[in-house]
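# Structural overview for review
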Amino acid sequence: MKWLRDQTLAPIVDKVEAGERLSFEDGLRLFHTRDLNALMRLANLRKERLHGDKVFFVHSMRLEFTNICYVGCTFCAFAAHRNEDRAWDYSPDEVVEQVRRRYLPGITELHMSSGHHPNHKWEYYPAMVRQLREAFPELQVKAFTAAEIEHLSKISKKPTLEVLRELQHAGLSAMPGGGAEIFADRVRKQVAKNKVRADKWLQIHREAHGLGMRTNATMLYGHIETLEERLDHMDRLRELQDETGGFHAFIPLAFQPLGNTLAQNLGKTDFTTGLDDLRNLAVGRIYLDNFPHIKGYWVMIGSELTQVSLDWGVSDIDGTIQEEHIAHAAGATSPMALSEDGMIRMIQHAGRTPVLRDAYYNELQTFPKTGAEAAD
């Protein structure tokens with residue numbers, strides 16, 4: 001271990017090399033260490049034992065069918081009231097037309113998450129999924145966060161399990177991981193007090209997994225949470241994954257500090273630092289030993305840092321997206337979309353092997369690893 005500068009990490013190195021699980025105290029040590037080289041090495045070891053040098057991406061489309069929302073999360077710059085000029089609200093027919101307008105050959109995943117609309121009836125939602133599947137049978141519809149599922153349960157007066165079952169029958173393939181924010185009550189009361197509670201978020205994902213539906217899990221960081229609260233969030237996800245095995249990926253989401261009341265109240269205008277982003281990804285990879293993938297979400301941290309993150313435990317960089325509005329409304333400076341060729345080059349230039357996947361992580365195509373000659 002000549003490369004180890006922080007000798008307090010030695011027991012953790014032994015555990016990781018032996019494939020053993022870390023304790024909560026171990027996770028906190030990783031968050032607090034200044035030995036970033038060791039953190040990177042350990043995360044990369046966990047990742048390469050799972051996937052070798054493969055890095056996954058999906059040819060996807062992102063669609064927000066409405067930005068009208070009554071919830072009032074303080075970190076959000078996306079939500080609008082019905083009478084605002086910037087508000088939009090698509091009917092199921094218009095959603096189909098929006099997909100048709102943006103559609104490109106080879107897209108396999110349609111990712112939809114939107115506002116909690118105060119007036120749509122329950123029937124709107126399964127009808128939208130059904131019409132999408134009829135118009136685009138080849139698309140896998142990944143839609144509705146756990147927060148949205150709870151909202152649909154309220155307006156339909158149906159249990160969340162029944163809501164999930166009916167949406168799945170209509171053609172829903174998988175769920176995104178949004179709405180998790182930070183599970184700690186202290187934080188949740190300040191940033192998302194009207195949104196689904198942590199235990200209910202976990203219950204909804206447990207129910208989805210029970211139906212055979214795979215989901216993702218997110219964590220919003222870089223605002224008022226502590227490092228202990230970040231790790232508590234990961235710990236609860238690890239516990240549920242032990243129970244169900246239904247999560248595909250953990251996706252840390254960097255707080256975007258523009259256009260929202262939380263940032264204004266904190267006087268915060270700075271984005272998360274690159275080292276904080278990388279540390280979060282690495283700790284996630286090492287601590288969440290039962291998660292298949294840690295995702296570097298390029299929309300939040302930029303394509304350049306996402307490329308660096310491939311040495312920090314990241315095995316998935318999301319998708320081509322085709323237009324993203326939620327993060328960009330809060331100041332994300334990344335492009336609105338990336339081409340498939342751009343994603344392939346990003347992975348190749350990092351010395352990794354690009355693998356095109358679908359929403360279920362079926363490997364559709366493996367591209368050559370071009371090695372050192374790919375570097376600019």
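Quick note: structure is the one above.
These lines cover the structure that appears in this document, whether it is placed above or below.

Think of an α-helix as 3.6 residues a turn; residues three or four steps apart then line up on the same face. Among all positions in helix H4 (residues 92-102), only Pro92, Val95, Val96, Gln98, Val99 and Arg102 are buried. Taken around the axis of H4, the buried residues stretch over an arc of 160°, which confines them to a single face. H4 presents Asp93 and Arg101 as exposed residues on the side facing more than 90 degrees away from its buried surface.

Time to look at helix H3 (residues 36-51). Under the 1.5 Å per step criterion, the end-to-end length of H3 is 22 Å for 16 residues, consistent within 8% with the ideal 22 Å. Taken together, the buried positions of H3 are Ala38, Leu39, Leu42, Ala43, Asn44, Arg46, Lys47 and His51. At its buried positions, H3 is contacted by helix H1 (10-17), helix H2 (24-32), strand S1 (54-58), helix H12 (274-287) and strand S8 (293-294). Immediately beyond the C-terminal end of H3, within one or two residues, lies glycine 52, with a positive phi of roughly 60°.

Scanning the entire structure with this criterion turns up 26 salt bridges. Note that arginine 21 is salt-bridged to aspartate 289, the shortest N-O span being 2.7 Å. Here aspartate 289 lies in the loop between H12 and S8 and arginine 21 lies in the loop between H1 and H2, a separation of 268 residues in the sequence. Residue aspartate 289 is classed as partly exposed on the basis of its relative accessible area, which comes to 25%.

Another aspect to go through is the sheet that holds strand S9 (residues 316-319). Overall, mixed pairing links the 4 strands, which are arranged S9-S1-S10-S11 in an open sheet. One side of each edge strand has no neighbouring strand; the edge strands of this open sheet are S9 and strand S11 (363-366). Geometrically, the sheet is characterised by an average inter-axis angle of 25° between neighbouring strands, direction not taken into account. Note: S1 against S9, 2 bridges, orientation parallel. The partner of phenylalanine 56 across the bridge, within S9, is aspartate 316.

Residues Gln140 and Lys142 point to one face of strand S4 (residues 140-143) and Val141 and Ala143 to the other, with burial holding for every one of them. Sheet analysis places strand S3 (residues 109-112) next to S4, joined by 4 bridges and oriented parallel. Paired with glutamate 109 across the strands is glutamine 140, a residue of S4. A crossover connection joins S3 to the parallel S4 through helix H5 (residues 124-135); in handedness this β-α-β unit is right-handed. Sheet topology note: the S4/strand S5 (residues 172-175) ladder contains 2 bridges and is parallel. Bridge pairing in S5 places valine 141 opposite leucine 172.

Buried residues dominate strand S10 (residues 353-357), accounting for 5 of its 5 residues. Side chains of S10 alternate between two faces, with Thr353, Val355 and Arg357 and Pro354 and Leu356 buried alike. Judged from the 5 bridges that link them, S1 and S10 form a sheet pairing that is parallel. Across the sheet, the residue bridging to lysine 54 is threonine 353, located in S10. With 3 bridges joining them, S10 and S11 adopt antiparallel strand pairing. Note on S11: the bridge partner recorded for leucine 356 is glutamine 365. Hairpin remark: S10 followed by S11, antiparallel, with 5 residues in the connecting loop; positive phi at tyrosine 361, about 65°.

This part is about the packing of aromatic side chains. This model, assessed by the stated rule, comprises 12 aromatic pairs. Aromatic pair tyrosine 124 and tyrosine 125: ring centres 4.8 Å apart, planes at 80°, arrangement edge-to-face. On the accessibility criterion, tyrosine 125 (2% relative accessible area) is buried. Three or more aromatic residues link up through ring pairs in this structure, and these residues are Phe183, Trp201, Phe247, Phe250 and Phe291. Geometry around tyrosine 287 places arginine 238 over its ring, the cationic atom sitting 3.9 Å from the centre. In this structure, arginine 357 packs its charged tip against the face of tyrosine 361, placed 4.0 Å from the ring centre.

In this section: the sheet that holds S3. Strand order in this open sheet of 7 strands is S2-S3-S4-S5-S6-S7-S8, and the pairing throughout is parallel. Taken across any chain shown, the strands that pair with only one partner, and hence form the sheet edges, are strand S2 (60-63) and S8. Inspection of the sheet shows strand S6 (residues 214-221) paired to strand S7 (residues 247-254) by 6 bridges, in the parallel sense. If you follow alanine 217 over to S7, its bridge partner there is phenylalanine 250.

On to the nonpolar core. By size, the foremost hydrophobic cluster in this structure holds 112 residues, and its most contacted members are Met112, Phe144, Leu167 and Trp201. Among all residues touching methionine 112, those that are not within four sequence positions of it are Leu63, Phe65, Val95, Met128, Leu132, Val141, Lys142, Ala143, Phe144 and Pro176.

Positive phi values are uncommon outside glycine, yet lysine 157 reaches one of about 60°. Within the secondary structure, lysine 157 sits in the loop between helix H6 (146-156) and helix H7 (160-170). The exposure class of lysine 157 is exposed, given its relative accessible area of 76%. For glutamate 181, which is not glycine, the phi dihedral falls at a positive 50°.

Quick notes on the rules
Once a new chain begins, its residue numbering starts again from 1 and follows that chain's sequence as written. Where totals are concerned, whole chains, interfaces and linings use all residues; where local detail is concerned, this predicted model gives features only for residues with pLDDT of at least 70, and gives and counts side-chain atom pairs only at 80 or more. As a rule here, side-chain values cover all heavy atoms of the structure and leave hydrogens and water aside. Buried, partly exposed and exposed residues are distinguished by accessible area as a fraction of the type maximum, computed with a 1.4 Å probe on protein chains only: under 20%, between the cut-offs, and over 50%, respectively. By definition, any uninterrupted DSSP run of H or I lasting at least four residues is a helix, any uninterrupted run of E lasting at least two residues is a strand, and each is numbered from the N terminus. It is the directions from the helix axis to the C-beta atoms whose arc is reported. Here the expected length of a helix is defined as 1.5 Å per residue gap, with one fewer gap than residues. Residues are treated as being in contact if the distance between any of their heavy atoms lies within 4.5 Å. Between Lys or Arg on one side and Asp or Glu on the other, a salt bridge is scored when a side-chain nitrogen of the former is within 4 Å of a carboxyl oxygen of the latter. Criterion used throughout: strands pair if DSSP finds at least two bridges between them. Throughout, an axis means a line fitted to C-alpha atoms (over the contacting stretch in the case of helices), and angles, computed between N-to-C directions, take values from 0 to 180 degrees. Think of it like this: strands point away, you trace from the first strand over the helix to the second, and a clockwise trace means the crossover is right-handed. Geometry of aromatic contacts follows a simple scheme: Phe, Tyr and Trp rings, the Trp one being its six-membered ring, pair when their centres are within 6.5 Å, and the pair is stacked under 30 degrees between planes, edge-to-face over 60, tilted otherwise. Two thresholds decide whether a charge sits over a ring: the Lys NZ or Arg CZ must be within 6 Å of the ring centre and within 35 degrees of the ring normal. Buried Ala, Val, Leu, Ile, Met, Phe, Trp, Tyr and Cys residues that are joined via side-chain atoms within 4.5 Å together make up what is termed a nonpolar core.

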